[in-house]
Each structure stands twice: as structure tokens, then as C-alpha cells.
Amino acid sequence: MDQDAGGAEGSGGDAFVVLRPPAPGRFVFASPHSGVIYPPDMGADPALPEDSLRSAEDALVDRLIASGVDHGATVVLARPGRAWVDLNRDPADLDPDLIDGACGGPVSARTAAGYGVIPRLTGDGRALYARRLTLDEARRRLEQTHRPYHRALADGMEAARAGHGEAVLIDWHSMPARATQGAGGARGPDVVLGDRHGSSCSPELTRRVRRAFEALGWRVALNHPYAGGWTTQRWGRPSEGFHALQIELNRALYFDETARAPGPGWSRAGKGVARVIAEILALAPDRT
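The following paragraphs examine the structure supplied in this document.

**Some words on the overall build of the protein**
Next, step 1: Each helix and strand counted, the protein has 7 helices and 12 strands in total.
Next, step 2: A compact globule built from 288 residues should have a C-alpha radius of gyration of about 19 Å, and the protein, at 18 Å, falls within 12% of that.
Next, step 3: In terms of overall dimensions, the protein has C-alpha extents of about 50 × 45 × 35 Å along its principal axes.
Next, step 4: Expressed as a percentage of its 288 residues, the buried residues of the protein come to 55%.
Next, step 5: Within the protein, residue pairs in contact and separated by at least 24 positions form 77% of the contacts whose partners lie at least 6 positions apart.
Next, step 6: Surface exposure of the protein reaches about 12,300 Å², of which carbon and sulfur atoms provide 50%.

Structure (C-alpha cells):
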């Protein structure tokens, strides 16, 4: 396995790490939200608790999916934290309520809610800043972090299609347990698969991944409440040989959200995800 890191020079630091197998296959795994680096010049509200700053992270997902490289997947891992830049958002989706000078274009519902490409709010709903950002500051962040991460992802996808006739992106995420709870606090699904309602990958890929998780005894939902974000939309072009599927793992499976540490289910969940990964990457070339 080879490993490299990269990104534009500047306060954002390296934007990503790429784990490369000796013989890369058709699959690219990505974790855009498991980064933990917050540059010192971020300028977040100094009164903001660290737990709030980090509350939107997909904690430990990078560790859960690292075994993909052992089965031939190229693995792209973000390094900066999600509060710095959200790598699963359109880089044009700037928040005019946060960024001075960001105006004139349409604002998505997510951005209006405080969760644009440069978030205004933490994952637990607190204000990240006691100030406004300048447009130049926002653009530097995108140049340092968003652009190089997605260039690395594109390199992996294009190389996979060139070498194997098609490329398959699995975009890995986690969801807080509360996000899918039912009435009375009943626990929601363990896994949510997002294929943009059948448009971003072949039906067989979605079925195969669903069966693999259900074989663990885990409850799987499809496209609700997460149908796939900007990255899935961007790369989900089956007619061009690019398939993309988003996977959300319930943190209750493996993570103690209060202690921000592996929970009692960590070992079991890690083995389960590794088993699913082995199943996914065993897909025959004509069965994507």
C-alpha cells in the first residue's frame, strides 16, 4: 500500500490523504467528513466548546473504511474538519449570512439553514463564528481544501474508469443516532444507502450493498433521510461509466457521542464494516 497527501499550501494544510493499493481496482472509497484538523486562523468563536466545533465530524469513519485498500480500493480521506469546509457541498454554495460579499446567486436550503460549503453552524446548532468571513477568506479555504480534495477524488475515479472501463465511488459518512430516531425515541436504521433515488449507480450495486449490511442483522433504509450529497450527485453518472453510492452509518453502532470515543460496539462494528467492504469489492466486473 502506498500513501500520499496533498493540498494547496496555506493555513488549510494538506487537504487529504490517499491510500493506494498495489493494484488499484474499479472502486474509490471517500470519507470527506472524518478530518480532525482545524487551522489556527479559522477564527471560530473562542467561546465555542470543542465538542460543538467537532460535532459535525464523521468520527472514526476513516478508520472503519481503511481496510478497503487491502481489497483493491483507492481510499481518499479528508484531513481538515467539516466545520472548516464541507467537502460534500457545491463550492459555489456560499452563505451570504456568513460571508461578506457572497451574494447574487441562488442559496440552497441547506445553506440557508447554516450548512453551506463553509458552515455557519455547528452540527449541534451553535454559531461557529462571532464575526463574518470575508469573501477572500472563503475563497482561500476552498482553494486550499475543497479543490485539491476533489482533484484527488477525480484522479482516482478517472484512473479507475481508464483501467477497468468503469469507476465506482462509495462515499462513506456517519449519522448521529438522533437523526433517524422514530416516535418515542425508537432507534432508527443502522445504515442509510443513498443512490439519489436510483439515478447515481446501478440497481445491482445498491441491492448488493444492502444485502451485505442486512446479513449482519443491521437495519437498512434507502434514500431517507439521506439520498446522497453533492459528491454522489457529481459522480453518479452510470451512462458515462461512473457509479456513486453514499453510505451513512449510525454512530450508535460504534461511537460514544458524549465521550467522543469508540463505544462498546466498536469492535463488532469494525468487523461488520470490514466484512461488508470485502463483499462490495468482490463484485464481479460485470455486476456493478
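**Brief notes about the side chain of Asp58**
Next, step 1: For Asp58, the location among the structural elements is in the loop between helix H1 (50-53) and helix H2 (61-65).
Next, step 2: With near-sequence residues (within four places) excluded, Asp58 lies in contact with His33, Ser34, Trp172, His173, Ser174 and Arg251.

**Quick look at the pairing of strand E4 (residues 74-78)**
Next, step 1: Most of E4 sits inside the fold, with 5 of its 5 residues counted as buried.
Next, step 2: Both faces of E4 are covered, namely the face carrying Thr74, Val76 and Ala78 and the face carrying Val75 and Leu77.
Next, step 3: Here strand E2 (residues 16-20) pairs with E4 via 4 bridges, running antiparallel. By the bridge assignment, Val18 is partnered in E4 with Val76.
Next, step 4: As defined by bridge partners, strand E3 (residues 27-31) adjoins E4 across 4 bridges and the pair is classed as parallel. Considered in E4, the bridge of Ala30 is made with Val76.

**Here's the deal with helix H5 (residues 203-214)**
Next, step 1: Here H5 spans 16 Å end to end across 12 residues, near enough to the 16 Å set by a 1.5 Å rise per residue.
Next, step 2: Buried positions along H5 lie against E3, strand E7 (167-175), strand E8 (191-194), strand E9 (220-222), strand E10 (242-250) and helix H7 (266-281).

**Topic: the environment of Ser174**
Next, step 1: Relative to the assigned elements, Ser174 resides in strand E7.
Next, step 2: Put simply, Ser174 and Val276 are 102 residues apart on the chain and 16 Å apart in space, counted from C-alpha to C-alpha.
Next, step 3: Setting aside anything within four residues of it in sequence, one finds Ser174 in contact with Glu57, Asp58, Ala59, Val61, Glu248, Leu249, Arg251 and Tyr254.
Next, step 4: Here Asp58 takes part through its side chain, which lies 3.1 Å from a polar atom of the side chain of Ser174.
Next, step 5: A distance of 2.8 Å separates the side chain of Ser174 from the side chain of Arg251, its partner in a polar contact.

Rules used throughout
Residues numbered from 1 in each chain as written. Predicted model: local features only at pLDDT ≥ 70, side-chain atom pairs only at ≥ 80, totals over all residues. Heavy atoms only, no water. Helix = DSSP H or I, 4+ residues; strand = E, 2+ residues; numbered from the N terminus. Rg over C-alpha atoms; globule rule 2.2 N^0.38 Å. Buried < 20%, exposed > 50% of the residue type's maximum accessible area, 1.4 Å probe, protein only. Contact = heavy atoms within 4.5 Å. Areas by Shrake-Rupley, 256 points an atom, 1.4 Å probe, with all protein chains shown as cover. Pairing = 2+ DSSP bridges. Expected span 1.5 Å × (residues − 1). Polar contact = N/O pair within 3.5 Å; in protein donor to acceptor, adjacent residues only side chain to side chain.

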